[in-house]
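Now for the letters of each chain:
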Number of protein chains: 2
Amino acid sequence: MAKQYMQIGEVAERTGLTQRTLRFYEEKGLLAPPSRLEGGFRLYSEDDIQRIEHIVQFKRLLGFSLADIKNMLEAEETLADIRVMNQQEPHPAAQLQRMRKAIAVIEEQESLINRKIAQLEQMRDRWRERLDRTLRRSQEALRDLEAELAASGVKA
Amino acid sequence: MAKQYMQIGEVAERTGLTQRTLRFYEEKGLLAPPSRLEGGFRLYSEDDIQRIEHIVQFKRLLGFSLADIKNMLEAEETLADIRVMNQQEPHPAAQLQRMRKAIAVIEEQESLINRKIAQLEQMRDRWRERLDRTLRRSQEALRDLEAELAASGVKA
DNA sequence: ACGGACATTACCGTTTACGTCAAGGTTATT
DNA sequence: AATAACCTTGACGTAAACGGTAATGTCCGT
């Protein structure tokens, strides 16, 4: 298993971010302040790292600003809160209420991603049509070429 | 039909970009310098506008830097060049050669988009699993709630 | 030929998302 | 207790992607 806690250097290496970026994200509120060693060294938990990798993904895939990503991460947090609350107060009626909230949050994230996918698919389809047209034209060119060769064959 | 040529103000309105941004893109080489009126006013053709809207899409969907987008647009240009050349020198063998190039370019763009889509789908699937788990848990909560109600019904 | 709307270049300013020291404190090992 | 390796908080720097304004020129309808 991975060590329980990692210092910033190791986290940086694992996530591909720099130490500065990690501190920067923390400063901007994208990362919850991690725990610290007595001397002040940051200690990241597995959960922290999960969250960091989440951010990296959001950036790479969606291309959103950090401000946007922060909002999306708040959805994450809502879910985490709900889990904790369901653990603490396991009254079925209250749980059910919170579950509905959780489901709404997740569905929103999913539909956001789906919208993006749909747009990308549309974009891809336009390229695909283009490919088809080009292929058709190159078929024609090939046909013409064969005709030309046949003609020169007759001549020879 | 749309007017043959538009001035920068109208283009800005139609594309949702600012005039400054249009000039900036031109300066950075993302847009070919449009034709000009005698006095120096920029005149954009339909083709120019197509290209601009292309850029807007790339930005919104892929979230790439302008430098990256510039590279992708060069693929576009390669294709345009190929079309012109095929018109000018319609020798089948040469055409065929260029067609192959065109196909390669298009396929590269397509696969780039496909990779992005695949990553997004993976991300969506993770949310979907999460949704499933939450739904299952809320089923349990519902079951518990019904049991509770039944019990209180018996008591009442 | 003139007034108002629209454009031009030039240049400085701003925000975002970090990079890059500097000066000093902490941890682990010997 | 000394030393290397690691960390801390500033503080300033920077590239990208524009925003905003000034000073000036152009277009066009009357």
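In what follows, the structure referred to is the one given above.
Details of the relation of the copies chain B and chain A
Item 1. The two copies are related by a screw motion: chain B maps onto chain A through a turn of 180 degrees and a shift of 0.0 Å along the axis, at an RMSD of 0.1 Å. Taken together, the rotation and translation describe the operation of a two-fold axis. Taking the C-alpha atom as reference, chain B places Gly-63 of chain B closest to the rotation axis, 2.1 Å from it.
Item 2. The overlap is high: 100% of the interface residues of chain B also sit at the interface in chain A, so the same surface is used on both sides.

Points about the pattern of salt bridges
Item 1. The final tally for this structure, using the stated rule, is 19 salt bridges over all chains.
Item 2. Asp-144 of chain A serves as the salt-bridge partner of Arg-143 of chain A, at 3.8 Å between the closest nitrogen and oxygen.
Item 3. Put simply, Glu-77 of chain B and Arg-51 of chain B hold a salt bridge, and the shortest N to O gap is 2.6 Å. Of the two residues, Glu-77 of chain B sits in helix α4 (residues 66-88) while Arg-51 of chain B sits in helix α3 (residues 46-62), which places them 26 residues apart along the sequence.
Item 4. For Glu-77 of chain B, a relative accessible area of 35% translates into the label partly exposed.
Item 5. One salt-bridge network, held together by shared partners, links Glu-26, Arg-36 and Arg-42 of chain A.

Details of the interface of chain B and chain A
Item 1. The interface of chain B with chain A comprises 45 residues on the first partner and 45 residues on the second.
Item 2. Carbon and sulfur atoms supply 71% of the area that chain B and chain A bury against each other, a total of about 4,600 Å² over both sides.
Item 3. The three residues of chain B that bury the most area against chain A are Leu-61, Leu-120 and Trp-127 of chain B, which together make up 16% of that side's buried surface.
Item 4. Summed over the shared surface of chain B and chain A, the number is 4 salt bridges.
Item 5. Note that Glu-110 of chain B is salt-bridged to Arg-128 of chain A, the shortest N-O span being 2.9 Å.
Item 6. Counting across the interface, chain B meets chain A through 10 residue pairs in polar contact (both at pLDDT 80 or more).
Item 7. The set of elements that each furnish at least two residues to the side of chain B that touches chain A consists of α3, α4 and α5 (92-155) of chain B.
Item 8. Take the side of chain B that touches chain A: its biggest share by element is 34 residues, from α5 of chain B.
Item 9. In terms of residue class, the side of chain B that touches chain A is made up of 21 nonpolar, 10 polar and 14 charged.

What counts, and at which threshold
- Residues numbered from 1 in each chain as written.
- Chains lettered and ligands numbered in written order.
- Predicted model: local features only at pLDDT ≥ 70, side-chain atom pairs only at ≥ 80, totals over all residues.
- Heavy atoms only, no water.
- Least-squares fit on C-alpha atoms with pLDDT ≥ 70 in both.
- Contact = heavy atoms within 4.5 Å.
- Salt bridge = Lys/Arg side-chain N within 4 Å of Asp/Glu carboxyl O.
- Helix = DSSP H or I, 4+ residues; strand = E, 2+ residues; numbered from the N terminus.
- Buried < 20%, exposed > 50% of the residue type's maximum accessible area, 1.4 Å probe, protein only.
- Buried area = accessible area lost by both parts, 1.4 Å probe.
- Polar contact = N/O pair within 3.5 Å; in protein donor to acceptor, adjacent residues only side chain to side chain.
- Nonpolar A, V, L, I, M, F, W, Y, C, P; charged D, E, K, R; others polar.

All we've got here are geometric facts, nothing functional implied.
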